[in-house]
Amino acid sequence: GAASTASASEYASTVPDAPTAVTIDAHGDTTVDISWTAPADDGGDAVAGYKIETSTDSGTNWSVFSADTGSTAVTAQVTGLTNGQANVFRVSAINRDGAGAASTASASEYASTVPDAPTAVTIDAHGDT
């Protein structure tokens, strides 16, 4: 009989391990800059992006900031936060098999900005000096 055509090569892979060491690098007006360490095991297929989540209740409930960064960078600026509201962050690595387990939550951090300048400054009393 006739030979069959070759199939595409395939290899076994699974989702990546969780990233580690999610760290707060800086904070600003409605933003927090975070970084993390890529997972030790990519599941047999290269990490292609990261899922970033935030929580305002110490990790009880999570909101997705980025479903997939589409980048192998291990830093991100999380935007749209409320100044003065505590947030924790977690990250999951994504490869072609999907998102792996989430990292341990970061320490808590607040987005903040410098206060406005005082207004209506008055002198209530003065002395001879």
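Quick summary incoming for the structure in this document. Just so you know, these numbers come straight off a predicted model, no measurement behind them.

Let's shift gears to unusual backbone geometry. With a phi close to 60°, Thr30 is a non-glycine residue in the positive phi region. Positioned with a positive phi, Ser58 is a non-glycine residue whose angle comes to about 60°. Assignment of secondary structure puts Ser58 in the loop between strand E3 (49–55) and strand E4 (63–66). With relative accessibility at 70%, the residue Ser58 sits in the exposed group.

Moving on to the packing of aromatic side chains. The full count for this structure, using the stated rule, is 1 aromatic pair. Note on Trp36 and Tyr50: the rings are 5.1 Å apart at their centroids and 65° apart in plane angle, and the pair reads as edge-to-face. Highlighted residues: Trp36 in strand E2 (residues 31–37) and Tyr50 in strand E3, separated in sequence by 14 residues. Its relative accessible area of 4% is what places Trp36 among the buried residues.

Judged by nonpolar contacts, the single largest core of 14 residues is most densely connected at Ile34, Trp36, Ile52, Phe89 and Val91. Breaking this core down by element, the ones donating at least two residues are E2, E3, strand E5 (75–78) and strand E6 (86–95). Here Ile52 is in contact with Ile34, Trp36, Ser63, Val64, Phe65, Ser66, Thr69, Ala76, Val78, Arg90 and Val91, once residues within four sequence places are set aside.

Cut-offs applied
Residues numbered from 1 in each chain as written. Predicted model: local features only at pLDDT ≥ 70, side-chain atom pairs only at ≥ 80, totals over all residues. Heavy atoms only, no water. Helix = DSSP H or I, 4+ residues; strand = E, 2+ residues; numbered from the N terminus. Buried < 20%, exposed > 50% of the residue type's maximum accessible area, 1.4 Å probe, protein only. Phe/Tyr/Trp six-rings, centres within 6.5 Å; stacked < 30°, edge-to-face > 60°. Core = buried A, V, L, I, M, F, W, Y, C linked by side-chain atoms within 4.5 Å. Contact = heavy atoms within 4.5 Å.

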